[in-house]
Amino acid sequence: MKARSSRIMATAAAVVVLAGLATACNRGSDSAASASGGGKPAIGIDLPRADSDFWNSYAQYIKQDATSEGLNTLPVSNSQNDVTKLVANVQVFQNTGAKAIVMAPQDTGAVASTLDNLAAKKIPVVSVDTRPDKGDVYMVVRADNKAYGSKACEFLGKQLGGKGKVAEFQGSLSSINGRDRSEAFASCMKEKFPGIQVIELATDWKGDVASAKLQSTLTANPDLNGIYMQAGGAFLQPTLALLQQKGLLKPVGQPGHIAIVSNDGIPQEFDAIRKGDIDATVSQPADLYAKYALYYAKAAAEGKTFQPGATDHESTIIQLPNGLEDQLSAPLVTKDNVDDKALWGNNVGN
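Residues numbered from 1 in each chain as written. Predicted model: local features only at pLDDT ≥ 70, side-chain atom pairs only at ≥ 80, totals over all residues. Heavy atoms only, no water.

Undergrad: Sorry if this is basic, but what is going on with helix H10 (residues 267–275) here?
TA: Quick reminder: α-helices carry 3.6 residues per turn. Residues three or four places apart thus point the same way. Taken as a whole, H10 has its buried residues at Pro267, Glu269, Phe270, Ala272 and Ile273. Looking at the buried positions of H10, the neighbouring elements they touch are helix H9 (232–245), strand E10 (259–264), strand E11 (280–283) and strand E15 (332–333). Positioned one or two residues after H10, Gly276 has a phi angle of 90°, which is positive. (Buried < 20%, exposed > 50% of the residue type's maximum accessible area, 1.4 Å probe, protein only. Helix = DSSP H or I, 4+ residues; strand = E, 2+ residues; numbered from the N terminus. Contact = heavy atoms within 4.5 Å.)

Structure below.
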């Protein structure tokens, strides 16, 4: 699927606009549901955070797709990376008649009891980008995050000729995504590039933490020649600012360039690739996350089911211990394909 939109300045205000998508319907009242949503099943949507360009782009796609598909969505909430808020927001969806819920829990271990409660009430859940550790899910809409780590490793390893030191900004290890990317990156480096020393920096997805730890790492390791950022939306700006401040932001191909690979696929990363500030990123499909999250939520609310196997949108549904997962593709983006119009990061805002 082609993405639809141009660059946006991601702000929390974009999330607020989402609240106008629809009005809530009274749980258990078919007439109330019909009045507010034309008889269509109500869908609750919780956004995970508003402090990331990636997630704010996802929020915009959710708004666009819900409107274009004519879905009956309850007022959209944002749990702001707080599982307590997520639980409260889900309770509101239950009380206002949700027949399916879309969420993206950032702490994939702490959400199990909430999922169990929803399963008991027969309210199916679509989890976006993150795979809950426990608790039933109708569908996880997610790219293969182990592939993110492996692709970053293989690209960096080749760029560095198999030698050097790489700082890795790890996402939160309480998140399946942080664990998958970290484990795959470490495994690949150990197996294929044993001459590269990986310096693991825990960040909890926070850019200021990554910047502070990078500064200390550069002091202790002035010969650092590679960086793997597990989330460009959180880490790109503070990383480039720090390297610029220290006189270390050398363009690709120049002596002293620190090879950088990121994950997200936001427009800012693409611009940085064009300028030669970073070398590559793995593009998470924010547009497809929104499209198929809503697709599966609507299907769940209508009582439809799916089976493992190939899909009609070039992905594969796999069986999980607690549900199904649609694994969407996430391409590596370099200077060779950064202008590809099929990449959502080239179309945000159109």
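Undergrad: I keep staring at the environment of Asp336 and nothing clicks. Help me out?
TA: Here Asp336 shows up in the segment after E15. In the structure, Asp336 is positioned 56 residues away from Ala280 in sequence and 9.8 Å away in space, judged by C-alpha atoms.

Undergrad: I keep staring at the confidence of the model for the protein chain and nothing clicks. Help me out?
TA: When pLDDT is low, close inspection of the predicted coordinates is not appropriate. When pLDDT is averaged across the protein chain, the result is 89; 89% of the residues are at 70 or more. This model gives residues 1–35 a pLDDT under 50, and the stretch forms 92 contacts once residues within four places in sequence are excluded. (pLDDT = per-residue confidence, 0-100.)

Undergrad: Which parts of the structure should I look at to understand the pairing of E11?
TA: The side chains of a regular strand alternate between both faces of the sheet. Where burial is concerned, the two faces of E11 agree: the one with Ala280 and Val282 and the one with Thr281 and Ser283 are both buried. In terms of strand pairing, E10 meets E11 through four bridges, oriented parallel. Within E11, the residue paired with Val261 across the bridge is Ala280. Taken together, the two bridges between E11 and E15 define a ladder with antiparallel strand orientation. (Pairing = 2+ DSSP bridges.)

Undergrad: In this structure, what is going on with the state of the cysteines? I would like to understand it.
TA: Note on terminology: a disulfide is the covalent bond linking the sulfur atoms of two cysteines. Across all of its chains, the model carries one disulfide by this definition. Residue pairing for Cys153: its cysteine sulfur links by disulfide to Cys188, the two sulfurs lying 2.1 Å apart. Taking the sign of the S-S torsion, -80° for the link of Cys153 and Cys188, the bridge is left-handed. In this pair, Cys153 sits in helix H6 (residues 145–159) while Cys188 sits in helix H7 (residues 176–192), placing the two residues 35 residues apart along the sequence. Take Cys188: its relative accessible area is 6%, and that puts it in the buried class. (Disulfide = S-S within 2.5 Å.)

Undergrad: Any chance you could explain the packing of helix H3 (residues 53–68) against helix H11 (residues 286–301) here in plain terms?
TA: Pairs of packed helices are described in terms of their axes, by the angle between the two and the distance that separates them. In the contact formed by H3 and H11, the axes pass within 8 Å of each other and the chain directions differ by 45°. Taken together, the axes of H3 and H11 lie oblique to each other. Along this stretch, H3 crosses H11, giving a crossing that reads as right-handed. Counted together, Phe54, Tyr58, Tyr61, Ile62, Asp65 and Ala66 of H3 and Ala286, Asp287, Tyr289, Ala290, Lys291, Ala293 and Leu294 of H11 form the full contact between these two elements. Residues belonging to the contact of H3 with H11 are distributed by class as follows: 10 nonpolar, no polar and three charged. (Axes fitted to C-alpha atoms, helices over the stretch in contact; angles between N-to-C directions. Parallel < 35°, antiparallel > 145°, perpendicular 65-115°, else oblique. Left-handed = near helix turned anticlockwise from the far one by under 90°. Nonpolar A, V, L, I, M, F, W, Y, C, P; charged D, E, K, R; others polar.)

Undergrad: I tried to follow the nonpolar core on my own but got confused; where do I start?
TA: One broad trend across soluble globular proteins is that nonpolar side chains are buried collectively. In this structure, Tyr58, Val102 and Tyr289 are the most contacted members of the largest nonpolar core, which totals 56 residues. One finds Leu218, Ala234, Ile278 and Leu343 within the second-largest nonpolar core, a separate group that totals 28 residues. (Core = buried A, V, L, I, M, F, W, Y, C linked by side-chain atoms within 4.5 Å.)

Undergrad: I keep staring at unusual backbone geometry and nothing clicks. Help me out?
TA: One can expect most non-glycine residues to show negative phi and most peptide bonds to be in trans. Although it is not a glycine, Asn81 sits at a positive phi angle of roughly 60°. As for its position among the elements, Asn81 is in the loop between strand E3 (77–78) and helix H4 (83–95). Positive phi, normally seen in glycine, also occurs at Asp129, with a value near 70°. Considering the arrangement of structural elements, one finds Asp129 in the loop between strand E5 (125–128) and strand E6 (139–143). In this structure Asp129 comes out as buried when scored by relative accessible area, which is 5%.

Undergrad: Explanation requested: the environment of Asn145 in the structure shown.
TA: Relative to the helices and strands, Asn145 resides in helix H6. Assessed through its relative accessible area of 0%, Asn145 is described here as buried. As a C-alpha pair, Asn145 and Ser182 span 37 residues in sequence and 9.4 Å in three-dimensional space. Apart from the residues within four sequence positions on either side, Asn145 is in contact with Asp129, Asn177, Asp180 and Arg181.

Undergrad: Mind showing me how you'd approach H9 here?
TA: Over its 14 residues, H9 extends 19 Å from the first C-alpha to the last, a length consistent with the 20 Å expected when each residue adds 1.5 Å. The element H9 is extensively covered by neighbouring structure, given that 10 of its 14 residues are classed as buried. Just downstream of H9 lies Gly247, where phi reads positive at about 70°. (Expected span 1.5 Å × (residues − 1).)

Undergrad: Where do I start with the sheet that holds E11 in this structure?
TA: In a beta sheet, neighbouring strands are held together by backbone hydrogen bonds and run either parallel or antiparallel to one another. Taking strand neighbours across the sheet as the criterion, the six strands line up as E8-E7-E9-E10-E11-E15 in an open arrangement whose pairing is mixed. Each edge of the open sheet carries a strand with a single partner, namely strand E8 (196–202) and E15. With respect to the sheet, H7 is in contact with strand E7 (164–170), E8, strand E9 (226–229) and E10, its orientation differing from that of E7 by roughly 165°.

Undergrad: Sorry, what's going on with the packing of aromatic side chains here?
TA: Considering all chains together, one arrives at 12 aromatic pairs under this definition. Measuring from ring centre to ring centre gives 6.1 Å for Phe54 and Tyr289, while their planes differ by 85°; the resulting arrangement is edge-to-face. Here the residue Phe54 occupies a position in helix H3, and Tyr289 occupies one in helix H11, the gap between them amounting to 235 residues. Assigned by exposure class, Phe54 and Tyr289 land together as buried. Measuring from ring centre to ring centre gives 5.1 Å for Trp55 and Tyr58, while their planes differ by 90°; the resulting arrangement is edge-to-face. Taken together, the residues Trp55 and Tyr58, both in helix H3 and three residues apart, mark about one turn of the helix. Relative accessible area serves as the criterion here: at 7%, Trp55 is assigned to the buried category. Among the aromatic residues, those joined into a ring-pair cluster are Phe54, Trp55, Tyr58, Tyr61, Tyr289 and Trp344. The residue whose ring lies beneath Lys291 is Tyr292, and the NZ or CZ to ring-centre distance is 5.5 Å. (Phe/Tyr/Trp six-rings, centres within 6.5 Å; stacked < 30°, edge-to-face > 60°. Lys NZ or Arg CZ within 6 Å of the ring centre and 35° of its normal.)

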